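# Structural overview
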Amino acid sequence: MIKIAIVGYGNLGRGVERALKQSVDMELVGVFSRRNPATIRTDGAPAFAMEELIAQKGKIDVCILCGGSATDLPVQTPEITKNFNTIDSFDTHAKIPEHYANVDQAAKENQTVSIISTGWDPGLFSLNRLYAESILPQGETYTFWGKGVSQGHSDALRRIEGVTDAIQYTIPKSEVIEKLKAGEKLELTTRDKHLRECFVVLEETADEKAIKEEIVTMPNYFDEYDTIVHFITAEELKRDHHAMPHGGTVLRTGTTHEDTKQVIEYNLQLESNPEFTASVLVAYARACARLAEEKQFGAFTVLDIAPKYLSPVDDATLRKELL
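Conventions used here
The numbers attached to residues start from 1 for each chain and follow its sequence in the written order. Confidence filtering applies because this is a predicted model: local features only for residues at pLDDT of at least 70, side-chain atom pairs given and counted only at 80 or more, and all residues used for totals across whole chains, interfaces and linings. No hydrogens and no water enter the side-chain calculation; it runs on all heavy atoms of the structure. UniProt positions are given in the numbering used here, feature names are shortened, and annotations may be inferred rather than shown by experiment. Note on conventions: DSSP H or I runs of at least 4 residues are helices, E runs of at least 2 residues are strands, and numbering of each starts at the N terminus. Side-chain atoms alone can form a polar contact between residues adjacent in sequence; in general such a contact is a pair of N or O atoms within 3.5 Å, and within protein one must be able to donate a hydrogen while the other accepts it. Between 30 and 60 degrees the pair is tilted, below 30 it is stacked and above 60 it is edge-to-face, where a pair is any two Phe, Tyr or Trp rings, Trp via its six-membered ring, whose centres lie within 6.5 Å. Type-normalised accessible area, obtained with a 1.4 Å probe on protein chains alone, sets the label of each residue: buried when under 20%, exposed when over 50%, and partly exposed for intermediate values. Within this document, salt bridges are pairs made up of a side-chain nitrogen of Lys or Arg and a carboxyl oxygen of Asp or Glu, the two lying within 4 Å of each other. Throughout, a contact is declared for two residues whenever any of their heavy atoms are within 4.5 Å.

## Structural notes on the UniProt feature "binding site: substrate" (unreviewed entry) in the protein chain
Annotation from UniProt places "binding site: substrate" (unreviewed entry) at W145, T170, R196, H246 and N273. Positionally, W145 belongs in strand β7 (residues 139-145). Reaching out from W145, the side chain makes a polar contact with the side chain of D121 at a distance of 2.5 Å. Assignment of secondary structure puts R196 in strand β10 (residues 194-202).

Written as structure tokens, this is what we have:
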């Protein structure tokens, strides 16, 4: 059995706990949080303070890190990787090379394994972009997200001073997708492809105008998009925005012999973004444990992992049933 620790117990951490219940080869050691363990209601797993994690060294095969990409994971992943094999869902695309370098150094110096930026984008969508671009070298790749809740962008909103809660929807421009699938060649900017819509709850004394300006100009999150900001009450947020759907499409349009048009499309429709992301993390945690067994120390991404490492099924059965 692969022994797993969950570090951080928000929506993603709860999703990981549920996903582990469907994994026949994994065992949950416990949940580790910065909150008081006595206040944490898990689905049966023991809860511990974050400070207790180091005492479990040697009893945990992989720590699944469920913090946010804005401020948690850039610090937590390299630090925890010094003592444990880790996996995270760091999703600030522009900062992945920097994050990888920091984690790779920690992993190699301490002979551990870390798989970073795991989920569906970055993650499964990254793989599909690689496959599509390798198969159709003459063409263009387009990625569309939503409509759905972005956990990373929502977390970034909630970390703004004066914001008590928030949710953000990423909305693809469907008319653009249809034009591309029909074979039109379009030069698209980031702004052309998506709209971002934010629903924000403020503290009573917060400056609405200043916070809106901080949102729409936030680097790596909102500054390159048309962004709509709504200020609503906590009751409205709970009533109208409690679900966490998401999804998206990777589209590769290309040509082969004599300009023969080819289209590769990969699509996800998710009722629960955190539960699906958690399921991807759990599958890659299996790969992380196997790499550690093989002493392949260092940082990895989904682009480095052989698909068979994700499955609990043996190689012979995979060849028989899936090829």
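That was the structure; now back to the text.
## Comments concerning the packing of aromatic side chains
By the definition in use, this model includes 4 aromatic pairs. Here W120 and F125 contribute two aromatic rings whose centre-to-centre distance is 5.2 Å and whose plane-to-plane angle is 75°, an arrangement assigned as edge-to-face. When its relative accessible area of 6% is taken as the criterion, W120 is described as buried. Classification of F125 as buried rests on a relative accessible area of 0%. Ring geometry for F125 versus Y266: centroids 5.8 Å apart, planes at 80°, classification edge-to-face. You can see F125 sitting in helix α4 (residues 124-135) and its partner Y266 sitting in strand β13 (residues 261-270), a full 141 residues away along the chain. An aromatic cluster of at least three residues, connected via ring pairs, comprises W120, F125 and Y266.

## Overview of the pattern of salt bridges
Taken as a whole and assessed by the stated rule, the structure comprises 14 salt bridges. For K82, the salt bridge is made with E79, and the minimal N-O distance between the two is 3.3 Å. On the accessibility criterion, K82 (37% relative accessible area) is partly exposed. Owing to a relative accessible area of 45%, E79 belongs among the partly exposed residues under this scheme. Salt-bridge contacts for D315 lead to K308; the nearest nitrogen and oxygen are separated by 3.1 Å. The exposure class assigned to K308 is partly exposed, which follows from its relative accessible area of 41%.

## Quick look at the UniProt feature "domain: Meso-diaminopimelate D-dehydrogenase C-terminal" (unreviewed entry) in the protein chain
Mapped onto this numbering, the UniProt entry annotates "domain: Meso-diaminopimelate D-dehydrogenase C-terminal" (unreviewed entry) at residues 119-272. Along residues 119-272, the helical share is 31% and the strand share 35%, with 13 Å between the first and last C-alpha atoms.

## Quick look at the environment of H230
In this fold, H230 is placed in strand β11 (residues 226-231). As a C-alpha pair, H230 and V200 span 30 residues in sequence and 6.1 Å in three-dimensional space. Beyond its immediate stretch of four places on either side in the chain, H230 contacts E197, C198, F199 and V200.

## What to know about helix α5 (residues 151-158)
Taking burial as the measure, the 8 residues of α5 include 6 buried ones, the bulk of the element. Among the residues making up α5, those that are buried are G152, H153, S154, D155, A156 and L157. If you follow the buried residues of α5, they end up packed against β8 (148-149), β9 (163-172), β10 and α8 (208-216).

## Things to note about the side chain of S89
Within the secondary structure layout, S89 lies in the loop between β5 (86-87) and α3 (96-110). What S89 contacts, discounting residues up to four positions off in sequence, is L12, L65, S69, L73, S117, T118, T277 and L281.

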